[in-house]
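These are the residues of each chain, in order.
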Amino acid sequence: MLYKSLISLYGSSLAGKSVPKDDLIWHFTPSDDLRQFRVYALDALQQAKVFLLDHLAAAYTDTLHDAVSKQAEEAGVPAMAILGEVKLPAPVVWVEFDDRELGVARFERASLVTRHDEKPLGTGLRGYLLDDRNEGHLRITMFHRHENSRVVDPICALLVKRTPTGQLNYDDVEVELSRSVVDFRVRSGDTMEMIQGRRTVHQVETGYDLFIPYVLFAMLVSPDLGGIIPTETETFTAKDTKTARKFGKSWVLGAQKSHLTIRIGPQAAAHMAERTARLEFERQTVEERNGPVRHWVSEHERHYRSGKVVLVKGHHRGQAPDPNLPTRVMGPKSDAAIFEFPPAESPK
């Protein structure tokens, strides 16, 4: 989990026990600004209510994003506006998912966000730290660890301001740039244009995928949970705790001992199966349109510019349609979809 990695990294760095190999930015460009951020982040992570979406649950919430985005585009409003005011389940929340698996799912279902991509682009783990303890704004910090790489502090955070009535105004968002990360990038050889590009990408990705935790929060309070099944799961094992006590890792002892793992149930599985069948039907329909359906061509003459005339005998042309191609695709009923959970982690 990215959550556990951040707790361990930030805790050990603040205690003076991290090594350059694992924490390059802390040792390469130390600063008071970086220390203050990590003190804040570690405290927030320790207090956060933690949610981990498995790859199917993340893909499921993202399909709802596709549907709402289309509806929002037609109405001329942001996608978040369709959801309305969604209350966080705790003052501080952490939501984590596998961005690599999500990228594959988006690409396979031909999501609009991948329409210009030649391959899946997601990579690594992504986590959202949502801090709602400030009366003036909601702080959103997105952490992203790419595969086979170190954890790097985020280059910016988003501060969503509140209206006088206390509601969040997503049209009034301040981008808080991390001076320590900018300094690290400069000393690493990045130009200001490259740094600005990194900031823009991070800001856009944070805003776009923010829909995933908010859909999760909305489903958690819906009568049928929206087809998801939350299961309490151990984050730090008894062995982890024992080791932490032995070596004085107070940051581990102060963190949440468990989290909610989010999986999809039969209702969501049926929705995903229906989407897959519909996409396959649409793909085959498009392929069929690209070429003529098999038909008979009567005998005729073909005239060339040179004056040559050729008699073409009667023949079949085109390809025979697939007899298994459905003419209509309907999603399976919820009681017909079976979703298997690992025996050790089955919900009780």
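Residues numbered from 1 in each chain as written. Predicted model: local features only at pLDDT ≥ 70, side-chain atom pairs only at ≥ 80, totals over all residues. Heavy atoms only, no water.

Trainee: Mind laying out the overall build of the protein, listing which residues take part and the relevant values?
Mentor: In terms of helices and strands, the protein carries 12 helices and 12 strands. Relative to its 348 residues, the protein shows a buried fraction of 39%. Look at the contacts in the protein between residues 6 or more apart in sequence, and 69% of them connect residues 24 or more apart. Of the roughly 20,000 Å² of accessible surface on the protein, a fraction of 53% belongs to carbon and sulfur atoms. (Helix = DSSP H or I, 4+ residues; strand = E, 2+ residues; numbered from the N terminus. Buried < 20%, exposed > 50% of the residue type's maximum accessible area, 1.4 Å probe, protein only. Contact = heavy atoms within 4.5 Å. Areas by Shrake-Rupley, 256 points an atom, 1.4 Å probe, with all protein chains shown as cover.)

Trainee: Before we move on, could you go through the sheet that holds strand β3 (residues 125-131) and cite the residues and values that matter?
Mentor: Pairing within the open sheet is mixed, and its eight strands lie in the order β6-β5-β4-β3-β2-β1-β8-β7. The open sheet has two edge strands, β6 (168-177) and β7 (228-234), and neither has a second partner. Pairs of neighbouring strands in the sheet enclose a mean axial angle of 25°, with direction left out of account. Judged from the three bridges that link them, strand β1 (residues 49-53) and strand β8 (residues 258-264) form a sheet pairing that is parallel. Within β8, the position partnered with F51 by the bridge is L260. This element, helix α4 (residues 55-75), spans β1, β2 (92-98), β7 and β8 of the sheet and lies at about 65° to β8. (Pairing = 2+ DSSP bridges. Axes fitted to C-alpha atoms, helices over the stretch in contact; angles between N-to-C directions.)

Trainee: Give a description of the pairing of β8 that names residues and reports values.
Mentor: Here β8 lies mainly inside the structure; five of its seven residues are buried. Relative to β8, β7 is paired through seven bridges, and the arrangement is antiparallel. Bridged to T233 within β8 is H259.

Trainee: An account of the pattern of salt bridges is needed here, citing residue identities and associated values.
Mentor: Taken as a whole, this structure holds 17 salt bridges when the rule is applied. The residue K21 makes a salt bridge to D22 at a minimum N-O spacing of 3.1 Å. Exposure remark for K21: the relative accessible area of 59% places this residue in the exposed category. Note on D22: relative accessible area 41%, which makes it partly exposed. Each of D62, D99, R106, R126, E205 and D209 takes part in one network of salt bridges that share partners. (Salt bridge = Lys/Arg side-chain N within 4 Å of Asp/Glu carboxyl O.)

Trainee: Explain the pairing of β3 to me, and be specific about the residues and the numbers.
Mentor: Counting buried residues along β3, seven of its seven residues qualify, which places the element largely inside the surrounding structure. Alternating residues of β3 divide into L125, G127, L129 and D131 and R126, Y128 and L130, and every residue in both groups is buried. For β2 and β3, the ladder comprises seven bridges, and the chain directions are antiparallel. For D98, the partnering residue across the bridge sits in β3 and is L125. From the end of β3 to the start of strand β4 (residues 137-145), which pair antiparallel, there are five residues.

Trainee: Run through the nonpolar core, naming residues and quoting values.
Mentor: Generally speaking, a soluble globular protein has its nonpolar side chains buried in company with each other. Residues L53, L130, I140, Y214, L216 and F217 are the most contacted members of the largest nonpolar core, which totals 39 residues. Ranked by the residues each element gives to this core, the list is headed by helix α9 (residues 211-220), at seven residues. A41, L129, V151 and V252 belong to the second-largest nonpolar core, a separate cluster that totals 23 residues. (Core = buried A, V, L, I, M, F, W, Y, C linked by side-chain atoms within 4.5 Å.)

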